[in-house]
Amino acid sequence: MVSASTFSLLLVSLLLVSLSLLFLKHFLLSNHPKKPSRSNFLLPPTASFLPIFTHIFFHRRSVLEIAGILRHFHSLHGPIFILRLSPFSHPSFFISDASLCHSALIQHSAALADRPPSVEPVRFLSADNCNISTAPYGSLWRLLRRNLSAETLHPSRILLFAPARRWALCGLLEYLHCQSGHTVAVREIFQQAIFSLLLFMCFGKKLGEKEIPLFRGLMSTKEIDEQMISVQNKYSLYFVGIKMCATFMGNSTSRCSAASPKIRILSISNEMEGIHFTFCSEGKQMGFEYCYVDSLLDIKHPENGGRGLTDDEIVNLCHEFLIAGVDTTTTELEWIMAELMKNPGIQSKLLLEIESLIGSREEENIMEDDLQRMPYLKAVIMESLRRHPPAYFGLPHSVTEDVIIEKFLLPKGAKVRFSVADVNWDKKNWEEPMLFRPERFMVGTDRNDEVDLTGIKEIKMLTFGAGRRMCPGYVLAILHLELFVANLVKEFLWKPERGEEVDLSEKLELTTIMKNPLQAKIIPRRKK
Ligand code: HEM
């Protein structure tokens, strides 16, 4: 008979031997790239990192630290290397160089248009891949993406939502006027305005006074803060909620009934679904603009017997619309206002452009037509999108056939990640890349004056990705940023509290946000 202690000893020894073998295998392979599968082309070097430690290490570290580690690997191995993020996952290829990105995403756009089966961080949004960001490259993705681009994000459709933008902007300015002279934490306020706007585009319904106390201007700051936090938490925790349930509870909603944090989150998510369906039916009956959910209700899948989308699929797509559009735009808006507070000279220059444009119309807001005549505003927005990309690594791509980029082979099945921030901060393309200098984007003043965001000719920044999976919402996002920034600067002087510094440290949540949320002292430029 083997005693219990001998058995445990045996088990531990077995574990140690397995780990050593794993280490040996990985060590040998990591420093010696595999043989090229096509003559003259090599697999990129593999970053030497014990898989099991990588796993533990990565899960204990913030992504910004990971970004530092990846940068270190790039300095050791060059602009492209392979890394296995966990012992159970396929190796990922990391690319940080603009011309390699161009070769992969533009020259081989079809071969890199797929997504890997499990996409972080949005994998848990949809079990059946019925959303645009996670759908495999194929007929369903094409149908859904074409629907979003043509029915909601086409410039002619975007134009129809101008009244909603005016409404959200007026609500925001009105609220800020109530706070003028005070120091305000702006992130939640910006988030609320962008959220209501995208909610309107999605469901054709305004969140009115009843739902958004912000626009009443009558409540105490504390009451408003509490109410706003609850609305936002419903939205952003929904995201976390599904993941936690999927992870811990096997996706069974019926088991989530006890009062624990996980369960609280799920009940919020159910509430969200309730909201969605109310909106679906009301939107149709009340004859608002043809909104995103209307277009989804009209979709017929030709390769699936012409069936429409199910309710679950529609809910997934609406969540995706909000999640993809709200946090990214809000984050960017906060970064822009932070840079304008840190650089009062740039804020004054922007104000000068505003004043010379509006002349005696100082009572009115800056309108969408005005934006075309504001080159400095556009330069400020572009510089911020370059310097502060909300998504440091974009979304992963998957290779569907062997591809050669420069001298490297990306084999079929490889998972590829692009280091957006490294491309945007590349010294080869940008002088003193870490400085905030909108002048880089002023026509005729710099060699970077013709940056094409789609990257078709050349990639210099990758904030919205590039190629077939490039962000379809970039025109809308830029319009929102331009309109809001122009009016925020026209109405208020933005500065830090006396003696305070604007701290530009970063922190990764869903997007790369300000570690210390922006606190702005806002002073009205004219008497109301
Ligand atoms: C500042 C704002 C935004 C930024 C920085 C941003 C950035 C990105 C990035 C980096 C990707 C991945 C691209 C790739 O895979 O190569 C993406 C995808 C996507 N974005 Fe955006 N985005 C923004 C706003 C929006 C808005 C307003 C919407 C819609 C309302 C939107 C909808 C989407 C969708 C649906 C995808 C998935 C595309 C696909 O897989 O085909 N985004 N975005």
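Nothing here was measured: the structure is a model prediction, and the numbers come from that model. Every chain is numbered independently, its residues counted from 1 as its sequence is written. Residues qualify for local features only when their pLDDT is at least 70, as the model is predicted, and side-chain atom pairs are given and counted only at 80 or more; totals for whole chains, interfaces and linings, by contrast, use all residues.

## A word on the overall build of the protein chain
Okay, step 1: Here a helix means four or more residues in a row that DSSP labels H or I, a strand means two or more in a row labelled E, and each is numbered from the N terminus. What the protein chain contains, in helices and strands, is 16 helices and 11 strands.
Okay, step 2: Sorting the 528 residues of the protein chain into buried and exposed places 40% on the buried side.
Okay, step 3: Nonlocal contacts in the protein chain, meaning residues at least 24 apart in sequence, comprise 72% of its contacts between residues at least 6 apart. Here a residue counts as buried when 20 or more other C-beta atoms sit within 10 Å of its C-beta, as exposed when there are 12 or fewer, and as partly exposed otherwise, the C-beta atoms being derived from the backbone. Once C-beta atoms are placed from the backbone, any two residues with those atoms within 7 Å are in contact.

## Looking at the site of the ligand
Okay, step 1: In this analysis a residue is considered near a molecule or strand if the C-beta atom, reconstructed from its backbone, is found within 6 Å of that molecule or strand. As a matter of local geometry, the ligand sits amid 24 residues, with Gly325, Thr328, Gly465, Cys471 and Gly473 nearest to it.
Okay, step 2: Listed by contribution, the elements that provide at least two residues to the shell around the ligand are helix 12 (311-342) and helix 16 (474-491).
Okay, step 3: The element best represented in the shell around the ligand is helix 12, accounting for 7 residues.
Okay, step 4: Here the shell around the ligand is built from residues that sort into 12 nonpolar, 8 polar and 4 charged. We call Asp, Glu, Lys and Arg charged. Ala, Val, Leu, Ile, Met, Phe, Trp, Tyr, Cys and Pro are nonpolar, and the rest, Gly among them, are polar.

## Topic: the sheet that holds strand 3 (residues 183-185)
Okay, step 1: Strand order in the open sheet formed by 3 strands is 3-11-8, and the pairing between neighbours is antiparallel. Across the chains shown, the open sheet's two edge strands, defined by having one partner strand only, are strand 3 and strand 8 (492-495). Across the sheet, the axes of successive neighbouring strands diverge by a mean angle of 40°, strand direction being ignored.
Okay, step 2: Looking at chain direction, strand 8 and strand 11 (residues 519-524) are connected through 4 bridges and run antiparallel. Counted as the bridge partner of phenylalanine 492 is proline 524 from strand 11. Two strands qualify as a pair provided that DSSP identifies no fewer than 2 bridges between them. Axes here mean lines fitted to C-alpha atoms, for a helix over just the part in contact, with angles spanning 0 to 180 degrees between N-to-C directions.

## Points about the sheet that holds strand 7 (residues 415-418)
Backbone hydrogen bonds hold the strands of a sheet together, and the pairing may be parallel or antiparallel.
Okay, step 1: Read across the sheet, 4 strands follow the order 1-2-7-4 without closing on themselves; strand pairing throughout is mixed. Every interior strand has two partners, whereas the edge strands, strand 1 (80-83) and strand 4 (397-398), have only one.
Okay, step 2: Here strand 2 (residues 92-95) pairs with strand 7 via 4 bridges, running parallel. Pairing of isoleucine 95 across the sheet is with phenylalanine 418, part of strand 7.

## Description of the UniProt feature "binding site: heme" (unreviewed entry) in the protein chain
Okay, step 1: UniProt positions are given in the numbering used here, feature names are shortened, and annotations may be inferred rather than shown by experiment. Taken from the UniProt record, the annotation "binding site: heme" (unreviewed entry) applies to Cys471.
Okay, step 2: Position of cysteine 471 relative to the elements: it lies in the loop between helix 15 (420-424) and helix 16.
Okay, step 3: Discounting residues that sit within four places of it in the chain, cysteine 471 has contacts with Phe464 and Gly465.

## Some words on the packing of helix 12 against helix 16
Okay, step 1: Running from N to C, helix 12 and helix 16 point in directions that differ by 35°, and their axes come no closer than 10 Å. The crossing of helix 12 and helix 16 is right-handed. Residues Thr328, Thr329, Glu332, Leu333, Ile336, Met337 and Leu340 of helix 12 touch helix 16, and the partners they reach there are Ala477, His480, Leu481, Phe484, Val485, Leu488 and Val489.
Okay, step 2: Partitioned by chemical class, the residues of the contact of helix 12 with helix 16 number 10 nonpolar, 3 polar and 1 charged. Left-handed describes a crossing whose near helix is turned anticlockwise from the far helix through less than a right angle; right-handed describes the clockwise counterpart.

## A closer look at the nonpolar core
Okay, step 1: Joined through C-beta atoms within 7 Å, a set of buried Ala, Val, Leu, Ile, Met, Phe, Trp, Tyr and Cys residues constitutes a nonpolar core. Membership of the largest hydrophobic core comes to 76 residues, with the highest contact counts inside it found for Leu198, Met201, Cys202, Ile336, Met337 and Val485.
Okay, step 2: Judged by nonpolar contacts, the second largest core, of 36 residues, contains Ala104, Leu410, Val420 and Val423.

## Some details on helix 16
Okay, step 1: An expected span of 1.5 Å times one less than the residue number is assigned to each helix. Over its 18 residues, helix 16 extends 26 Å from the first C-alpha to the last, a length consistent with the 26 Å expected when each residue adds 1.5 Å.
Okay, step 2: When you tally the buried positions in helix 16, you get 15 out of 18 residues, the bulk of the element.

## Quick notes on the packing of helix 14 (residues 375-387) against helix 16
Okay, step 1: Taken N-terminus to C-terminus, the directions of helix 14 and helix 16 make an angle of 120°; their axes are 10 Å apart at the nearest point. On the basis of the axis angle, helix 14 is oblique to helix 16. In this structure, helix 14 crosses over helix 16, and the sense of that crossing is right-handed. Each of Leu377, Lys378, Val380 and Ile381 in helix 14 lies in contact with helix 16, whose residues at this interface are Ile478, Leu481, Glu482, Val485 and Ala486.
Okay, step 2: When the residues that make up the contact of helix 14 with helix 16 are grouped by side-chain class, the tally is 7 nonpolar, no polar and 2 charged. Throughout this description, any angle smaller than 35 degrees is read as roughly parallel, any larger than 145 degrees as roughly antiparallel, any in the 65 to 115 degree range as roughly perpendicular, and the remainder as oblique.

## Quick notes on the environment of valine 416
Okay, step 1: Tracing the chain through its elements places valine 416 in strand 7.
Okay, step 2: Since 21 C-beta atoms lie within 10 Å of it, valine 416 is described here as buried.
Okay, step 3: Once the C-alpha coordinates of valine 416 and leucine 144 are considered, the two residues, 272 residues apart in sequence, prove to be 23 Å apart.
Okay, step 4: Apart from residues lying up to four places away in sequence, valine 416 is in contact with Phe93, Ile95, Ala104, Leu112, Pro396, His397, Val399 and Leu410.

## Digging into the environment of glutamate 406
Okay, step 1: Within the secondary structure, glutamate 406 sits in the loop between strand 5 (403-405) and strand 6 (408-410).
Okay, step 2: By the C-beta count within 10 Å, which is 12 here, glutamate 406 ends up exposed.
Okay, step 3: Spatially, the C-alpha atom of glutamate 406 lies 29 Å from that of proline 390, the residues being 16 residues apart in sequence.
Okay, step 4: Excluding anything up to four places from it in sequence, glutamate 406 contacts Leu100 and Ser103.

## A short note on helix 13 (residues 344-358)
Okay, step 1: Here helix 13 is 15 residues long and its end C-alpha atoms lie 21 Å apart, about the 21 Å a rise of 1.5 Å per residue gives.
Okay, step 2: Taken as a whole, helix 13 has its buried residues at Ile346, Leu350 and Ile354. Taken end-on, helix 13 shows its buried residues confined to a sector of 80°, consistent with a single buried face. Seen from the buried face of helix 13, the exposed residues on the opposite side, beyond 90 degrees, are Gly345, Leu352, Glu355 and Ser356.
Okay, step 3: The inward-facing, buried residues of helix 13 contact helix 12, helix 14 and helix 16. In this context, the arc is that of the directions from the helix axis out to the C-beta atoms.

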